[in-house]
Amino acid sequence: MKTIAKIYNDYTDKFGIPRQSGLVEEVVSTIVFEEEYRVEEALRGIEAFSHLWLIWRFSRTERDTWSPTVRPPRLGGNTRVGVFATRSPFRPNPIGLSCVRLTAVEKTRDGTVLKVAGADLMNGTPILDIKPYLPYADCHPEAAGGFTESVGKRRVSVFLPEPLAARLSPGERRALTAVLQEDPRPAYQDDPDRIYGFRFGSREVRFRVQDGVLTVTDLEPVSP
């Protein structure tokens, strides 16, 4: 398999990445093609589609062995289910599939790039293929969601103190708030005194969660 492109965004730490694609559209990612695939004709007509499928490689979780069962965080991290009944990154082949919204097709010094919203890929992730999302074939509103329907989706309210918010541009503030509303903590952790932290873009974000409210406690710049 050849890497045709890489994606670039503010998800510089695995901890803060949304658990599924499409959950945080406030974060816009840029897909830059490898030099061999910077061919204008390869993208002809892509602007007519609103959404795309990205097929990519879990480059940060590759391993030589695999397990037939995994423990999804959404089930508390203790219940095992079959690996093929989950979207766990720990698979026989480390391949991911994400649906993103195409927001722009832009010409740059790196060739034509794609701007997409709703990605759940870490900064620098290799992309193996891009395909258009077809509503008539890919959309199934009647589909069953398996064990994901038996566990409530955990979201939180976000409190970003004004002195910290002032360090961000309006766009950065919206993006970070949307990421935090998805509650980056593992589903089985709920310690109100624990300080969590992760890197988002060029900043180290620290927060705690109590009674459904996530409070940002620190926001410090970090070196690239």
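Structure shown above.
Residues numbered from 1 in each chain as written. Predicted model: local features only at pLDDT ≥ 70, side-chain atom pairs only at ≥ 80, totals over all residues. Heavy atoms only, no water.

(A) Summary view of the overall build of the protein. Within the protein one finds three helices and 12 strands. Expected size for 224 residues packed as a compact globule is a radius of gyration near 17 Å; at 18 Å, the protein falls within 12% of this value. Considered along the principal axes of its C-alpha atoms, the protein spans approximately 55 × 45 × 35 Å. The 224 residues of the protein split such that 36% are buried. Intrachain contacts of the protein at a sequence separation of at least 6 include 68% that bridge at least 24 residues. Here the protein displays about 13000 Å² of accessible surface, and carbon together with sulfur accounts for 50% of that area. Looking at the protein, you have 31 positive and 30 negative side-chain charges, and the mean spots of the two groups are 3 Å apart. (Helix = DSSP H or I, 4+ residues; strand = E, 2+ residues; numbered from the N terminus. Rg over C-alpha atoms; globule rule 2.2 N^0.38 Å. Buried < 20%, exposed > 50% of the residue type's maximum accessible area, 1.4 Å probe, protein only. Contact = heavy atoms within 4.5 Å. Areas by Shrake-Rupley, 256 points an atom, 1.4 Å probe, with all protein chains shown as cover. Lys, Arg positive; Asp, Glu negative; His and termini not counted. Charge placed at Lys NZ, Arg CZ, Asp CG, Glu CD.)

(B) Looking closely at the packing of aromatic side chains. On inspection of all chains with the given rule, the structure shows nine aromatic pairs. Ring centres 6.3 Å apart and planes at 15° place the aromatic pair Phe15 and Tyr196 in the stacked group. Placement of Phe15 in the loop between β1 (5–8) and β2 (28–33) and of Tyr196 in strand β10 (residues 196–200) is noted, with a sequence separation of 181 residues between them. According to the relative accessible area criterion, Phe15 is partly exposed, its value standing at 25%. Aromatic side chains Phe15 and Phe198 sit 5.8 Å apart centroid to centroid with 45° between the ring planes, which places their arrangement in the tilted category. Taken together, the residues Phe15 in the loop between β1 and β2 and Phe198 in strand β10 connect sequence positions 183 residues apart. One aromatic cluster is present, built from ring pairs that chain together Phe15, Tyr196, Phe198 and Phe207. (Phe/Tyr/Trp six-rings, centres within 6.5 Å; stacked < 30°, edge-to-face > 60°.)

(C) Local environment of the sheet that holds β10. Strand order in this open sheet of four strands is β9-β12-β11-β10, and the pairing throughout is mixed. Bordering the open sheet on either side are β9 (157–159) and β10, each of which pairs with just one other strand. If you compare each strand with its neighbour and ignore which way they point, the axes differ by 30° on average. Looking at chain direction, β10 and strand β11 (residues 203–210) are connected through five bridges and run antiparallel. Pairing of Arg199 across the sheet is with Glu204, part of β11. (Pairing = 2+ DSSP bridges. Axes fitted to C-alpha atoms, helices over the stretch in contact; angles between N-to-C directions.)

(D) The nonpolar core, seen in detail. Formed by 24 residues in total, the largest nonpolar core has its most connected members in Leu176, Phe198 and Phe200. Looking at this core, the elements that each hand over two or more residues are α2 (162–165), α3 (170–181), β10, β11 and β12 (213–221). When sequence neighbours within four positions are dropped, the list of residues in contact with Phe198 reads Asp13, Phe15, Gly16, Leu176, Val179, Leu180, Pro184, Arg203, Glu204, Val205 and Phe207. Of all hydrophobic cores here, the second largest spans 19 residues; its members include Ile46, Trp56, Leu102 and Ile130. (Core = buried A, V, L, I, M, F, W, Y, C linked by side-chain atoms within 4.5 Å.)

(E) How the structure looks around α3. The first and last C-alpha atoms of α3 sit 16 Å apart over 12 residues, in line with the 16 Å expected at 1.5 Å per residue. What α3 keeps buried is the set Ala175, Leu176, Ala178, Val179 and Leu180. For α3, the elements touching its buried residues are β9, β10, β11 and β12. Positioned one or two residues after α3, Asp183 has a phi angle of 60°, which is positive. (Expected span 1.5 Å × (residues − 1).)

(F) Looking closely at the pairing of β10. Side chains of β10 alternate between two faces, with Tyr196, Phe198 and Phe200 buried and Gly197 and Arg199 left unburied. Remark: two residues form the turn of the hairpin made by β10 and β11, two consecutive strands paired antiparallel; Gly201 in that turn has positive phi of roughly 65°.

(G) A look at the pattern of salt bridges. On inspection of all chains with the given rule, the structure shows nine salt bridges. With a shortest N-O distance of 2.9 Å, Asp129 and Lys131 are connected by a salt bridge. Judged by relative accessible area, Asp129 falls into the partly exposed class, the value being 28%. Taking relative accessible area as the criterion, Lys131 reaches 40% and is therefore assigned partly exposed. Close ionic contact of Glu182 with Arg155 constitutes a salt bridge, the shortest N to O distance being 3.2 Å. (Salt bridge = Lys/Arg side-chain N within 4 Å of Asp/Glu carboxyl O.)

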